[in-house]
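# Breakdown of the fold
Listed below are the residues making up each chain.
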Amino acid sequence: MLIDSHCHLDYFTPLELPLVLERAHAAGVAEMVTIGTSMAQSAKLPPITEAFPQVWCTVGVHPHHAAEAPIPSPETLADMTRHPRVIGIGESGLDYFYDRSPRDVQAENFRANIRGAQLAGVPLAIHARDADDDIAMILREETGRGGTFAFLLHCFSSTRALAEAALELGGFISFSGILTFPRSSELREIARDIPLDRLLVETDAPYLAPVPFRGKRNEPGYVAHTAKVLAELRGMTPEALASLTTANFRRLFPKTACG
Ligand SMILES: [Zn+2]
């Protein structure tokens, strides 16, 4: 079985969602995590997890939405993780590619999400785009200030230097459909070198569908295609890669192990 460690199920209509989940089940994707991107949107995710037992969620504020509403306090974020199916905080981070929020606000928001994760003792899903140096700096500073915390770099498409900084801090690295794109040879080189016990897979659905669905709307069932490419890169069978990434997921998200 596979787990899609990062998707956005709130993009699917209530009519589509059961069919999307059926197709995921048929593709061997047993569980998935639907991700918080703003406070208002995060509040709507626990009900999805109550309706569908294979779905977990996180709560948090994406850098794109950092300036739209007051930045939540770490305590507020931590409180929201008391729900048994809220397994992490995020996605949060820095996005200097789109720069949809001022960079100082993105940084303040990122730190609040990190501190929420530290306070709650749950992992943080990190969004990093064209901001590698600042992501690494903030991760180091916040680790020094509040102690180590679990995290993953979601939809990894950054530099080897950021992967190494994250690994050094105990982080996990999650690969999306980008890994399957013909031009991603540099990314595949990095994926070859990540320690096996830190690897995860995800779709980031509805975005970034893997080959052979590139350009179409993505959905959790398609994570099998990314996992297949990763298995080939690592010289493993798809079954072994699925077991490995599932075990890694349970270690990173311990709340899913006692569910
Ligand atoms: Zn993201």
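Everything in this summary refers to the structure shown in the same document.

Reading the values: rules and limits
- Residues numbered from 1 in each chain as written.
- Predicted model: local features only at pLDDT ≥ 70, side-chain atom pairs only at ≥ 80, totals over all residues.
- Heavy atoms only, no water.
- Helix = DSSP H or I, 4+ residues; strand = E, 2+ residues; numbered from the N terminus.
- Rg over C-alpha atoms; globule rule 2.2 N^0.38 Å.
- Buried < 20%, exposed > 50% of the residue type's maximum accessible area, 1.4 Å probe, protein only.
- Contact = heavy atoms within 4.5 Å.
- Areas by Shrake-Rupley, 256 points an atom, 1.4 Å probe, with all protein chains shown as cover.
- Lys, Arg positive; Asp, Glu negative; His and termini not counted.
- Charge placed at Lys NZ, Arg CZ, Asp CG, Glu CD.
- Polar contact = N/O pair within 3.5 Å; in protein donor to acceptor, adjacent residues only side chain to side chain.
- 1 Å grid on protein atoms, 1.4 Å probe; cavity = no way out; pocket = protein on both sides within 12 Å on 5 of 7 lines; lining within 4 Å.
- Points joined across faces, edges and corners; volume = space filled by probe spheres on them.
- Pairing = 2+ DSSP bridges.
- Axes fitted to C-alpha atoms, helices over the stretch in contact; angles between N-to-C directions.
- Disulfide = S-S within 2.5 Å.
- Donors = N, O, S within 2.8 Å, 3.2 Å for Na, K, Ca; no water.
- Phe/Tyr/Trp six-rings, centres within 6.5 Å; stacked < 30°, edge-to-face > 60°.
- Lys NZ or Arg CZ within 6 Å of the ring centre and 35° of its normal.

When you go through the protein chain residue by residue, the secondary structure sums to 10 helices and eight strands. Relative to the globule expectation of 18 Å for 259 residues, the C-alpha radius of gyration of the protein chain, 17 Å, shows essentially globular dimensions. Along the three orthogonal principal directions, the C-alpha set of the protein chain runs to about 40 × 40 × 35 Å. Residue burial in the protein chain is summarised as follows: out of 259 residues, 58% are buried. For the protein chain, long-range pairs separated by at least 24 residues make up 73% of all intrachain contacts whose partners lie at least 6 apart in sequence. Roughly 10,900 Å² of accessible area belongs to the protein chain as shown, and the carbon and sulfur atoms make up 56% of that amount. When the 24 basic and 31 acidic side-chain charges of the protein chain are each reduced to a single mean position, those positions are 3 Å apart.

The residue Glu142 is located in helix α6 (residues 132–146) in this model. Glu142 gets classed as buried once you look at its relative accessible area, which sits at 1%. Within the structure, Glu142 has its side chain in polar contact with the side chain of Arg145 (distance 3.0 Å). Not counting chain neighbours up to four residues away, the residues in contact with Glu142 comprise Arg111, Ile114, Arg115, Gln118 and Gly147.

Moving on, we come to the side chain of Thr143. Looking at the element boundaries, Thr143 is found in helix α6. With relative accessibility at 17%, the residue Thr143 sits in the buried group. Within polar-contact distance, the side chain of Thr143 engages the backbone oxygen of Leu139 at 2.7 Å. What Thr143 contacts, discounting residues up to four positions off in sequence, is Gln118, Thr148, Phe149 and Leu169.

Here the largest pocket defines a volume of roughly 890 Å³. Along the walls of the largest pocket sit 30 residues, with Tyr98, His127, Arg129, Cys155 and Leu208 positioned nearest its centre. Broken down by secondary-structure element, the contributors of at least two residues to the lining of the largest pocket are β4 (86–95), β5 (124–129) and α8 (185–193).

A few words now on the sheet that holds strand β7 (residues 172–175). Backbone hydrogen bonds are what pair the strands of a sheet, in a parallel or an antiparallel way. On the basis of which strands lie adjacent, the open sheet formed by eight strands has the order β1-β2-β3-β4-β5-β6-β7-β8 and parallel pairing. Two strands bound the open sheet, and with one partner strand each, they are β1 (2–7) and β8 (199–201). Neighbour-to-neighbour, the strand axes of the sheet open up by a mean angle of 30°, direction not taken into account. Sheet strands touched by helix α5 (residues 103–120): β4 and β5. Its angle to β4, the strand with the most contacts, is close to 160°.

Scanning the model with the defined rule gives zero disulfides in all. Cys7 provides the cysteine sulfur closest to Cys57, a residue in no disulfide bond, and the two sulfurs are 11 Å apart. Classification of Cys57 as buried rests on a relative accessible area of 0%. For Cys155, which is in no disulfide, the shortest distance to another cysteine sulfur is to Cys7 and amounts to 13 Å.

At this site the zinc ion is bound by Glu91 (OE), His127 (ND1) and His154 (NE2), with donor distances of 1.9 to 2.3 Å. Summarised as a motif, the one-chain spacing of the donors to the zinc ion is E-x35-H-x26-H. Of the two residues, Glu91 sits in strand β4 while His127 sits in strand β5, which places them 36 residues apart along the sequence. No difference in accessibility class separates Glu91 from His127, as the two residues are buried.

Turning our attention to the packing of aromatic side chains. What the rule picks out here adds up to six aromatic pairs. Between Phe156 and Phe175, the aromatic rings sit 6.0 Å apart at their centres with planes inclined by 75°, giving edge-to-face as the arrangement. Highlighted residues: Phe156 in the loop between β6 (151–153) and α7 (160–168) and Phe175 in strand β7, separated in sequence by 19 residues. Between Phe213 and Tyr222, the ring centres sit 3.9 Å apart and the planes meet at 10°, which makes this aromatic pair stacked. One cation-aromatic arrangement involves Arg85 over Trp56; the distance from NZ or CZ to the ring centre is 4.0 Å. Taking NZ or CZ as reference, Arg103 lies 3.9 Å from the ring centre of Tyr96, over its face.

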